[in-house]
Amino acid sequence: MEDSNPIYQGKPTAYLDHNILDLLVKNPSLAFKAELKEKFQILYSDENLKEIKRTGENGSSYLKLLEELGSMYLKLVLSPNFEVTGDATITELNPVVAFDNYCENIEPIYESLEQSMSQSLLKFYGGRNDANFEDIKNCQIDAFDDLMTHLHDLGKEFQEADPNSDINAQISAYTTDMKKKHDAAVAQSANELRKHVDDENYYSGVKNYRDYTGIGPMQLNNIEPPNVIEQIWEAHSELDGYKGNEFSIEQFYGISLNPIYNREMFFFERVTSIYNVLNVVGYHPDSKMKKERRFTAAMSDAGHASIGSFADYVFSRDLAFVKKTRACYEFLNIKSQVIEVTVSDV
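How each quantity is defined
Residues numbered from 1 in each chain as written. Predicted model: local features only at pLDDT ≥ 70, side-chain atom pairs only at ≥ 80, totals over all residues. Heavy atoms only, no water. Pairing = 2+ DSSP bridges. Helix = DSSP H or I, 4+ residues; strand = E, 2+ residues; numbered from the N terminus. Axes fitted to C-alpha atoms, helices over the stretch in contact; angles between N-to-C directions. Polar contact = N/O pair within 3.5 Å; in protein donor to acceptor, adjacent residues only side chain to side chain. Patch = residues over 30% accessible without salt bridge, like charges linked within 9 Å, V, L, I, M, F, W, Y side chains within 5 Å. Areas by Shrake-Rupley, 256 points an atom, 1.4 Å probe, with all protein chains shown as cover. Salt bridge = Lys/Arg side-chain N within 4 Å of Asp/Glu carboxyl O. Lys, Arg positive; Asp, Glu negative; His and termini not counted. Charge placed at Lys NZ, Arg CZ, Asp CG, Glu CD. Right-handed = clockwise from strand over helix to strand, strands pointing away. Buried < 20%, exposed > 50% of the residue type's maximum accessible area, 1.4 Å probe, protein only. Arc of directions from axis to C-beta. Contact = heavy atoms within 4.5 Å. Phe/Tyr/Trp six-rings, centres within 6.5 Å; stacked < 30°, edge-to-face > 60°. Lys NZ or Arg CZ within 6 Å of the ring centre and 35° of its normal.

Novice: What exactly am I supposed to notice about the sheet that holds strand β4 (residues 84-91) here?
Specialist: In sheet architecture, strand pairing relies on hydrogen bonds along the backbone and comes in two forms, parallel and antiparallel. With respect to topology, 6 strands assemble into an open sheet ordered β4-β3-β2-β1-β5-β6, the strand pairing being mixed. Looking along the sheet, the strands with just one partner apiece sit at the ends: β4 and β6 (337-340). If you compare each strand with its neighbour and ignore which way they point, the axes differ by 35° on average. Pairing of strand β2 (residues 41-44) with strand β3 (residues 72-78) involves 2 bridges; the strand directions are parallel.

What follows is the structure, encoded as structure tokens:
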């Protein structure tokens, strides 16, 4: 933690994967529940709130559970310019209040943008057979246009409140520039993919990649700790496309110097990137990711692994999640311990 943020000095912190919350909601009398509350300070995050929001009417049961566990709110710290800092804080905030704040502050337009941006990756996993690359591109452009229009409208509101301000002109220039860059980027991406794909509707980048390398779950799931991340890279490093091209392990896992922000990635960002690459190459991959529901769940898993790196312990019932998260933490020297929870007779 930075000096500006007081260091938490209570019980060991524990972050719960959604499947643990689900277990406790469905089995409220489990002794494990009392044990968690007694021994740990339970944490919850926006990723938990996002999953609870997706449960619909049942969401209140999860929020009540978090209340009963005395859970505290784990949130990333942003700079005055709303940029991530690599730090996080723990706050005493009622989960119900946090959930209401989350729902109120997540405009439908932002959810739409997030969903549209994930469509390329879903397509890469073999999903969206109803759409080609042009359809995906247009979906992303439309969602981004909606966001830019929303920002432009906010600028007009500020301008009306303060006629002497030039904020509307600044936002207008910003949104125009961002739209130009975004549209060019997604168009280039679609064009590059089109060069190498014959059947756009039934494209699966993951299948193509594993077929080309000859490496997948059958080979990688036999890898045991320690140094899982290094072993997986070694299995690929001598293949065409990597060998002789001065490819580094950091480039393979997408954690080298960030080309967008021109900075080193923070640890929680590296966890997300490595976790997603492990899914692509086939190390204990999440199943049926071409189905949007399963894809969304897998993206949440990556989010839990990322934010969970700030806690002392991470609990989950999902063995694939446990394997991938442990591998990420070991490689990055993150001290969080990942605990697989097994419960009989439930």
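Read on for the rest.
Novice: Explain the side chain of Thr85 here, please?
Specialist: In this fold, Thr85 is placed in strand β4. At 2.9 Å, the side chain of Thr85 and the backbone oxygen of Val77 are in polar contact. Here the side chain of Thr85 touches Asp87 through a polar contact of 3.2 Å, landing on its backbone nitrogen.

Novice: What is the right way to read a positive patch on the surface from this model?
Specialist: On the surface, Lys288, Lys290, Lys291 and Arg293 cluster together into a positively charged patch. Within the fold, Lys291 resides in the loop between α13 (267-281) and α14 (292-308).

Novice: Which parts of the structure should I look at to understand the pairing of β6?
Specialist: The two faces of the sheet receive side chains in turn, since in a regular strand these alternate between them. Here strand β5 (residues 313-316) runs beside β6; their pairing, made up of 4 bridges, is parallel. For Tyr313, the partnering residue across the bridge sits in β6 and is Gln337. Running through helix α15 (residues 319-332), the crossover from β5 to the neighbouring parallel element β6 is right-handed.

Novice: I keep staring at the pattern of salt bridges and nothing clicks. Help me out?
Specialist: Side chains carrying opposite charge are able to pair once their charged atoms draw close together. Scanning all chains against the criterion turns up 15 salt bridges. For Asp22, the salt bridge identified is with Lys26, shortest N-O distance 3.0 Å. Taken together, the residues span about one helical turn, with Asp22 and Lys26 both in helix α1 (residues 18-26) at a distance of 4 residues. Of the charged contacts, one joins Lys179 and Asp145 as a salt bridge, the two residues approaching to 2.8 Å between their closest N and O atoms. With Lys179 in helix α8 (residues 167-196) and Asp145 in helix α7 (residues 133-161), the pair connects residues that are 34 residues apart, well separated along the chain. Relative accessible area serves as the criterion here: at 21%, Asp145 is assigned to the partly exposed category. One continuous salt-bridge network, built from bridges that share partners, spans Asp145, Lys179 and Asp183.

Novice: I would appreciate a short explanation of helix α4 (residues 59-68) in the present structure.
Specialist: Think of an α-helix as turning once every 3.6 residues; residues three or four places apart then point the same way. Gly59, Tyr62, Leu63, Leu65 and Leu66 are the residues of α4 that are buried. One side of α4 holds all its buried residues, which, seen down the axis, span an arc of 155°. Projecting away from the buried face of α4 at angles above 90 degrees are the exposed residues Ser60 and Lys64. Along its buried surface, α4 packs onto α1, α2 (31-39), β2, α3 (46-54) and α5 (95-105). With its phi angle positive at about 65°, Gly70 sits one or two positions after the end of α4.

Novice: Where do I start with the environment of Ser300 in this structure?
Specialist: Position of Ser300 among the secondary structure elements: in helix α14. When sequence neighbours within four positions are dropped, the list of residues in contact with Ser300 reads Glu47, Glu51 and Arg54.

Novice: Sorry, what's going on with the environment of Ser309 here?
Specialist: Along the chain, Ser309 turns up in the loop between α14 and β5. Here Ser309 falls in the buried class, since its relative accessible area comes to 13%. Distance from Ser309 to Phe267, taken between C-alpha atoms, is 8.2 Å for residues 42 residues apart in sequence. Aside from chain neighbours lying at most four places away, what touches Ser309 is Phe268, Val271, Tyr329, Ile334 and Ser336.

Novice: For this particular structure, what's the right way to read the packing of aromatic side chains?
Specialist: The relation between two aromatic rings is expressed through the spacing of the ring centres and the mutual angle of the planes. Under the defined criterion, the tally for this structure stands at 19 aromatic pairs. On the numbers, 5.2 Å between centres and 20° between planes, the contact of Tyr44 with Tyr73 is stacked. With Tyr44 in strand β2 and Tyr73 in strand β3, this pair connects stretches of sequence that are 29 residues apart. Taking relative accessible area as the criterion, Tyr44 reaches 0% and is therefore assigned buried. The class of Tyr73 is buried, set by a relative accessible area of 9%. Lying over the aromatic face of Phe267, Arg270 brings its terminal NZ or CZ to 5.0 Å of the ring centre.

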